[in-house]
Amino acid sequence: MIILKIGGSILTNKDSQSSEVDAASLKRIASEIKRSLDNSEKELIIVHGAGSFGHPPAKKHKIGEEFDKSQYPEKRLGFCEIQNEVKKLNMFICEAFIDEGIPAIAVPASGFITAADKRITEGDLDLFRRYLDKGFVPIIYGDVVLDDELEFCVISGDQLIQYLAKNLNPDVVVLGTDVDGVYNKNPKTHEDAIFFEKFSSLEDLDTLEGTTNVDVTGGMVGKIKELLSLADLGIESKIINAEVEDNIFKVLEDKEVKGTVISRGN
Ligand code: ADP
(Lines give C-alpha, C1' and ligand atoms only; values in the text may rest on other atoms or scores of the structure.)
Protein backbone atom coordinates (compact mmCIF):
# COMPACT_ATOMS: atom_id res chain seq x y z
CA MET A 1 0.00 0.00 0.00
CA ILE A 2 1.20 3.47 -0.90
CA ILE A 3 -0.06 6.69 0.68
CA LEU A 4 0.75 9.63 -1.56
CA LYS A 5 0.15 13.21 -0.59
CA ILE A 6 0.03 15.87 -3.24
CA GLY A 7 0.58 19.30 -1.73
CA GLY A 8 -1.81 22.16 -2.26
CA SER A 9 1.20 24.08 -3.53
CA ILE A 10 1.29 21.82 -6.61
CA LEU A 11 -2.41 21.71 -7.34
CA THR A 12 -3.37 25.31 -6.77
CA ASN A 13 -1.99 28.76 -7.07
CA LYS A 14 -1.44 29.12 -3.34
CA ASP A 15 -0.33 32.74 -3.38
CA SER A 16 -3.59 33.72 -4.97
CA GLN A 17 -6.41 34.93 -2.77
CA SER A 18 -8.88 33.38 -5.19
CA SER A 19 -9.38 29.66 -5.78
CA GLU A 20 -7.40 28.59 -8.79
CA VAL A 21 -6.47 25.09 -9.88
CA ASP A 22 -3.16 24.51 -11.62
CA ALA A 23 -4.81 22.49 -14.38
CA ALA A 24 -1.62 21.58 -16.26
CA SER A 25 0.09 20.31 -13.13
CA LEU A 26 -3.01 18.37 -12.10
CA LYS A 27 -3.28 16.69 -15.50
CA ARG A 28 0.39 15.74 -15.52
CA ILE A 29 0.16 14.23 -12.04
CA ALA A 30 -3.00 12.33 -12.91
CA SER A 31 -1.29 10.85 -15.96
CA GLU A 32 1.83 9.88 -13.97
CA ILE A 33 -0.35 8.08 -11.42
CA LYS A 34 -2.33 6.31 -14.14
CA ARG A 35 0.86 5.21 -15.89
CA SER A 36 2.08 3.66 -12.65
CA LEU A 37 -1.25 1.98 -11.87
CA ASP A 38 -1.18 0.44 -15.36
CA ASN A 39 2.41 -0.64 -14.92
CA SER A 40 2.03 -2.61 -11.72
CA GLU A 41 -0.76 -3.48 -9.33
CA LYS A 42 -0.79 -1.50 -6.10
CA GLU A 43 -3.08 -0.17 -3.41
CA LEU A 44 -2.98 3.61 -3.51
CA ILE A 45 -4.48 6.25 -1.23
CA ILE A 46 -4.20 9.89 -2.23
CA VAL A 47 -4.23 12.75 0.23
CA HIS A 48 -4.26 16.30 -1.04
CA GLY A 49 -3.86 19.69 0.54
CA ALA A 50 -6.34 22.55 0.42
CA GLY A 51 -4.01 25.14 -1.11
CA SER A 52 -5.60 28.40 -2.17
CA PHE A 53 -9.09 26.91 -1.79
CA GLY A 54 -8.93 26.19 1.92
CA HIS A 55 -6.39 28.49 3.49
CA PRO A 56 -7.91 31.94 2.84
CA PRO A 57 -11.42 31.09 4.21
CA ALA A 58 -9.88 29.17 7.14
CA LYS A 59 -7.83 32.23 7.99
CA LYS A 60 -10.76 34.58 7.51
CA HIS A 61 -13.02 32.63 9.88
CA LYS A 62 -10.23 31.85 12.35
CA ILE A 63 -11.40 28.26 12.54
CA GLY A 64 -9.48 26.37 15.22
CA GLU A 65 -9.25 29.38 17.55
CA GLU A 66 -11.38 29.81 20.67
CA PHE A 67 -14.38 32.10 20.26
CA ASP A 68 -17.21 33.66 22.18
CA LYS A 69 -20.52 31.73 22.27
CA SER A 70 -22.28 34.65 20.55
CA GLN A 71 -20.12 34.03 17.47
CA TYR A 72 -21.22 30.43 17.12
CA PRO A 73 -23.67 30.84 14.19
CA GLU A 74 -21.11 32.87 12.24
CA LYS A 75 -18.34 30.33 12.94
CA ARG A 76 -20.61 27.46 11.96
CA LEU A 77 -21.33 29.13 8.62
CA GLY A 78 -17.60 29.73 8.14
CA PHE A 79 -17.03 26.03 8.76
CA CYS A 80 -19.55 25.24 5.99
CA GLU A 81 -17.89 27.72 3.64
CA ILE A 82 -14.47 26.11 4.11
CA GLN A 83 -15.87 22.60 3.73
CA ASN A 84 -17.46 23.65 0.48
CA GLU A 85 -14.31 25.32 -0.88
CA VAL A 86 -12.07 22.31 -0.26
CA LYS A 87 -14.77 20.08 -1.73
CA LYS A 88 -14.61 22.16 -4.93
CA LEU A 89 -10.87 21.58 -5.21
CA ASN A 90 -11.40 17.88 -4.56
CA MET A 91 -14.00 17.82 -7.31
CA PHE A 92 -11.52 19.22 -9.84
CA ILE A 93 -8.96 16.65 -8.75
CA CYS A 94 -11.35 13.70 -8.89
CA GLU A 95 -12.56 14.88 -12.29
CA ALA A 96 -9.01 15.00 -13.67
CA PHE A 97 -8.25 11.57 -12.20
CA ILE A 98 -11.44 9.98 -13.53
CA ASP A 99 -10.82 11.53 -16.98
CA GLU A 100 -7.44 9.83 -16.91
CA GLY A 101 -9.08 6.50 -16.03
CA ILE A 102 -8.18 6.38 -12.32
CA PRO A 103 -11.03 4.97 -10.17
CA ALA A 104 -10.87 7.89 -7.73
CA ILE A 105 -13.37 8.00 -4.89
CA ALA A 106 -13.59 10.97 -2.50
CA VAL A 107 -13.76 10.19 1.21
CA PRO A 108 -13.95 13.63 2.88
CA ALA A 109 -12.62 13.92 6.42
CA SER A 110 -15.53 16.17 7.50
CA GLY A 111 -17.84 13.22 6.83
CA PHE A 112 -16.32 10.77 9.32
CA ILE A 113 -13.46 12.25 11.34
CA THR A 114 -13.64 14.20 14.62
CA ALA A 115 -10.92 15.83 16.68
CA ALA A 116 -10.07 17.25 20.08
CA ASP A 117 -7.87 20.33 20.29
CA LYS A 118 -7.00 20.03 16.58
CA ARG A 119 -5.85 16.40 16.74
CA ILE A 120 -7.84 13.57 15.18
CA THR A 121 -9.46 11.39 17.83
CA GLU A 122 -11.97 9.37 15.82
CA GLY A 123 -12.28 8.19 12.24
CA ASP A 124 -13.15 4.66 11.21
CA LEU A 125 -10.95 3.70 8.26
CA ASP A 126 -12.77 0.48 7.45
CA LEU A 127 -14.30 2.10 4.38
CA PHE A 128 -10.81 2.84 3.03
CA ARG A 129 -9.95 -0.83 3.34
CA ARG A 130 -13.14 -1.80 1.55
CA TYR A 131 -12.64 0.65 -1.31
CA LEU A 132 -9.02 -0.51 -1.65
CA ASP A 133 -10.13 -4.15 -1.73
CA LYS A 134 -12.38 -3.29 -4.65
CA GLY A 135 -9.58 -1.55 -6.55
CA PHE A 136 -10.65 2.07 -5.95
CA VAL A 137 -8.20 4.88 -5.24
CA PRO A 138 -9.60 6.64 -2.14
CA ILE A 139 -8.93 10.37 -1.99
CA ILE A 140 -9.02 12.37 1.22
CA TYR A 141 -8.01 15.98 1.73
CA GLY A 142 -7.37 18.82 4.15
CA ASP A 143 -10.77 19.68 5.59
CA VAL A 144 -12.70 21.02 8.57
CA VAL A 145 -13.99 18.65 11.26
CA LEU A 146 -15.90 18.88 14.53
CA ASP A 147 -13.65 19.39 17.52
CA ASP A 148 -14.66 18.38 21.08
CA GLU A 149 -12.70 21.27 22.62
CA LEU A 150 -12.89 24.04 20.02
CA GLU A 151 -16.19 23.11 18.28
CA PHE A 152 -14.47 23.23 14.89
CA CYS A 153 -10.96 22.84 13.54
CA VAL A 154 -8.96 22.45 10.37
CA ILE A 155 -7.29 19.12 9.73
CA SER A 156 -4.36 19.43 7.32
CA GLY A 157 -3.56 16.89 4.65
CA ASP A 158 -0.34 16.34 6.59
CA GLN A 159 -2.16 15.31 9.76
CA LEU A 160 -4.35 13.02 7.64
CA ILE A 161 -1.24 11.35 6.23
CA GLN A 162 -0.04 10.73 9.76
CA TYR A 163 -3.41 9.34 10.89
CA LEU A 164 -3.85 7.09 7.86
CA ALA A 165 -0.30 5.77 7.98
CA LYS A 166 -0.46 5.10 11.71
CA ASN A 167 -3.66 3.10 11.30
CA LEU A 168 -3.26 1.43 7.91
CA ASN A 169 0.40 0.50 8.05
CA PRO A 170 1.34 1.32 4.42
CA ASP A 171 4.56 0.16 2.78
CA VAL A 172 5.38 3.60 1.41
CA VAL A 173 4.45 7.14 2.53
CA VAL A 174 5.34 9.94 0.11
CA LEU A 175 4.66 13.67 0.20
CA GLY A 176 4.93 15.57 -3.03
CA THR A 177 5.48 19.30 -2.62
CA ASP A 178 7.04 22.21 -4.55
CA VAL A 179 10.61 21.86 -3.24
CA ASP A 180 13.04 18.91 -3.38
CA GLY A 181 12.60 18.09 0.31
CA VAL A 182 13.69 19.51 3.64
CA TYR A 183 16.46 22.11 3.90
CA ASN A 184 17.96 23.73 7.00
CA LYS A 185 15.95 26.84 6.08
CA ASN A 186 13.37 27.80 3.51
CA PRO A 187 15.03 27.28 0.08
CA LYS A 188 12.56 29.67 -1.54
CA THR A 189 13.89 32.58 0.50
CA HIS A 190 17.46 31.46 1.23
CA GLU A 191 19.78 30.64 -1.68
CA ASP A 192 22.32 29.05 0.66
CA ALA A 193 19.83 26.59 2.20
CA ILE A 194 21.36 23.14 2.70
CA PHE A 195 19.41 20.08 1.53
CA PHE A 196 18.91 17.06 3.80
CA GLU A 197 18.78 13.58 2.29
CA LYS A 198 17.75 12.28 5.70
CA PHE A 199 16.02 14.16 8.43
CA SER A 200 15.44 12.98 11.97
CA SER A 201 15.03 15.96 14.29
CA LEU A 202 13.49 19.43 14.22
CA GLU A 203 16.72 20.66 15.78
CA ASP A 204 18.36 20.27 12.35
CA LEU A 205 16.39 23.28 11.14
CA ASP A 206 18.01 26.71 11.41
CA THR A 207 14.72 28.54 11.63
CA LEU A 208 11.21 27.34 12.33
CA GLU A 209 9.90 29.45 9.52
CA GLY A 210 6.50 28.61 8.09
CA THR A 211 5.58 28.80 4.47
CA THR A 212 3.29 31.09 2.52
CA ASN A 213 1.44 33.65 4.59
CA VAL A 214 -1.95 32.19 3.69
CA ASP A 215 -1.13 28.79 5.18
CA VAL A 216 -2.80 28.15 8.52
CA THR A 217 -1.70 24.55 8.84
CA GLY A 218 2.02 24.89 9.42
CA GLY A 219 3.84 24.64 6.08
CA MET A 220 7.03 22.59 6.04
CA VAL A 221 7.41 22.61 9.82
CA GLY A 222 3.88 21.24 10.25
CA LYS A 223 4.68 18.53 7.71
CA ILE A 224 7.91 17.57 9.43
CA LYS A 225 6.27 17.36 12.86
CA GLU A 226 3.62 14.96 11.54
CA LEU A 227 6.22 12.86 9.75
CA LEU A 228 8.54 12.72 12.77
CA SER A 229 5.67 11.41 14.86
CA LEU A 230 5.21 8.70 12.23
CA ALA A 231 8.94 8.02 12.37
CA ASP A 232 8.57 7.49 16.11
CA LEU A 233 6.28 4.58 15.24
CA GLY A 234 8.89 3.18 12.88
CA ILE A 235 7.12 4.40 9.73
CA GLU A 236 9.50 6.09 7.31
CA SER A 237 8.30 8.72 4.84
CA LYS A 238 9.79 10.72 2.01
CA ILE A 239 9.25 14.29 0.83
CA ILE A 240 9.83 14.79 -2.89
CA ASN A 241 9.33 17.51 -5.48
CA ALA A 242 6.10 16.79 -7.35
CA GLU A 243 6.79 19.68 -9.73
CA VAL A 244 9.60 17.69 -11.34
CA GLU A 245 8.18 15.70 -14.21
CA ASP A 246 8.09 11.93 -13.63
CA ASN A 247 8.97 12.15 -9.93
CA ILE A 248 5.53 10.91 -8.88
CA PHE A 249 5.65 8.10 -11.44
CA LYS A 250 9.12 7.07 -10.34
CA VAL A 251 8.36 7.11 -6.64
CA LEU A 252 5.24 5.02 -7.20
CA GLU A 253 7.42 2.57 -9.11
CA ASP A 254 9.91 2.42 -6.24
CA LYS A 255 12.58 4.06 -8.40
CA GLU A 256 15.21 6.46 -7.10
CA VAL A 257 13.95 10.05 -6.72
CA LYS A 258 15.69 12.97 -5.03
CA GLY A 259 14.01 13.75 -1.74
CA THR A 260 14.29 13.80 2.04
CA VAL A 261 13.66 10.62 4.00
CA ILE A 262 12.13 11.33 7.42
CA SER A 263 13.10 8.68 9.93
CA ARG A 264 14.45 8.49 13.46
CA GLY A 265 17.30 6.21 12.45
CA ASN A 266 20.68 7.38 11.11
P1 ADP B 1 2.24 21.86 0.29
O2 ADP B 1 1.16 22.86 -0.06
O3 ADP B 1 2.87 21.24 -0.92
O4 ADP B 1 1.85 20.88 1.31
P5 ADP B 1 3.60 23.98 1.74
O6 ADP B 1 3.52 25.18 0.86
O7 ADP B 1 2.71 23.92 2.94
O8 ADP B 1 3.46 22.67 0.87
O9 ADP B 1 5.11 23.77 2.25
C10 ADP B 1 6.15 23.72 1.30
C11 ADP B 1 6.93 25.01 1.40
O12 ADP B 1 7.59 25.07 2.66
C13 ADP B 1 8.01 25.19 0.39
O14 ADP B 1 7.53 25.78 -0.80
C15 ADP B 1 9.02 26.11 1.10
O16 ADP B 1 8.87 27.43 0.64
C17 ADP B 1 8.56 26.08 2.55
N18 ADP B 1 9.62 25.81 3.52
C19 ADP B 1 9.80 26.49 4.69
N20 ADP B 1 10.83 26.03 5.37
C21 ADP B 1 11.38 25.01 4.64
C22 ADP B 1 12.49 24.14 4.83
N23 ADP B 1 13.26 24.22 5.92
N24 ADP B 1 12.74 23.20 3.88
C25 ADP B 1 11.96 23.10 2.78
N26 ADP B 1 10.89 23.92 2.54
C27 ADP B 1 10.59 24.87 3.46
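Just above sits the structure.
Residues numbered from 1 in each chain as written. Predicted model: local features only at pLDDT ≥ 70, side-chain atom pairs only at ≥ 80, totals over all residues. Heavy atoms only, no water.

1. Some details on the sheet that holds strand β9 (residues 172–177)
In space, the eight strands of this open sheet follow the order β3-β6-β2-β1-β9-β11-β12-β10, with mixed pairing throughout. Of all the strands in the sheet, the pair left with one neighbour each is β3 (104–106) and β10 (198–199). Against the sheet, helix α4 (residues 72–100) contacts β1 (2–6), β2 (44–48), β3 and β6 (137–141), and its axis sits at roughly 155° relative to β6. (Pairing = 2+ DSSP bridges. Helix = DSSP H or I, 4+ residues; strand = E, 2+ residues; numbered from the N terminus. Contact = heavy atoms within 4.5 Å. Axes fitted to C-alpha atoms, helices over the stretch in contact; angles between N-to-C directions.)

2. Thoughts on the sheet that holds strand β8 (residues 151–155)
The strands that make up a sheet are held in pairs by hydrogen bonds between backbone atoms, and each pair lies either parallel or antiparallel. Ordered in space as β5-β4-β7-β8, the four strands form an open sheet in which the pairing is mixed. With partners counted over all chains shown, the strands left at the sheet margins are β5 (119–122) and β8, one partner each. Strand-to-strand twist in this sheet, taken as the mean axis angle between neighbours without regard to direction, amounts to 50°. Pairing of strand β4 (residues 114–116) with β5 involves three bridges; the strand directions are antiparallel. Note on β5: the bridge partner recorded for A116 is R119.

3. Topic: the nonpolar core
One broad rule of soluble globular proteins: the nonpolar side chains tend to lie buried together. Counting 38 residues, the largest nonpolar core has L164 and V182 as the members making the most contacts within it. Broken down by secondary-structure element, the contributors of at least two residues to this core are β2, α5 (126–133), β8, α6 (157–168), β9 and α7 (219–232). Beyond its immediate sequence surroundings of up to four residues, V182 is in contact with I194, F195, F196, F199, L205, M220, I224, I239, T260 and I262. (Core = buried A, V, L, I, M, F, W, Y, C linked by side-chain atoms within 4.5 Å. Buried < 20%, exposed > 50% of the residue type's maximum accessible area, 1.4 Å probe, protein only.)

4. Focus: the pattern of salt bridges
The full count for this structure, using the stated rule, is 17 salt bridges. The closest approach of N and O atoms between K88 and E85, which form a salt bridge, is 2.9 Å. Residue K88 and its partner E85 are located together in helix α4, separated by three residues, close to a single helical turn. The exposure class of E85 is buried, given its relative accessible area of 15%. Here E226 and R119 are joined by a salt bridge, their closest N and O atoms 2.8 Å apart. Taken together, the residues span a long stretch of sequence, with E226 in helix α7 and R119 in strand β5 at a distance of 107 residues. We classify E226 as buried; its relative accessible area is 8%. By relative accessible area, R119 is classed as partly exposed at 37%. Within the structure, one salt-bridge network assembled from shared partners comprises K5, D158 and K223. (Salt bridge = Lys/Arg side-chain N within 4 Å of Asp/Glu carboxyl O.)

5. Some thoughts on unusual backbone geometry
Phi angles above zero are rare outside glycine, and K118 is one such case at about 75°. Mapped onto the secondary structure, K118 falls in the loop between β4 and β5.

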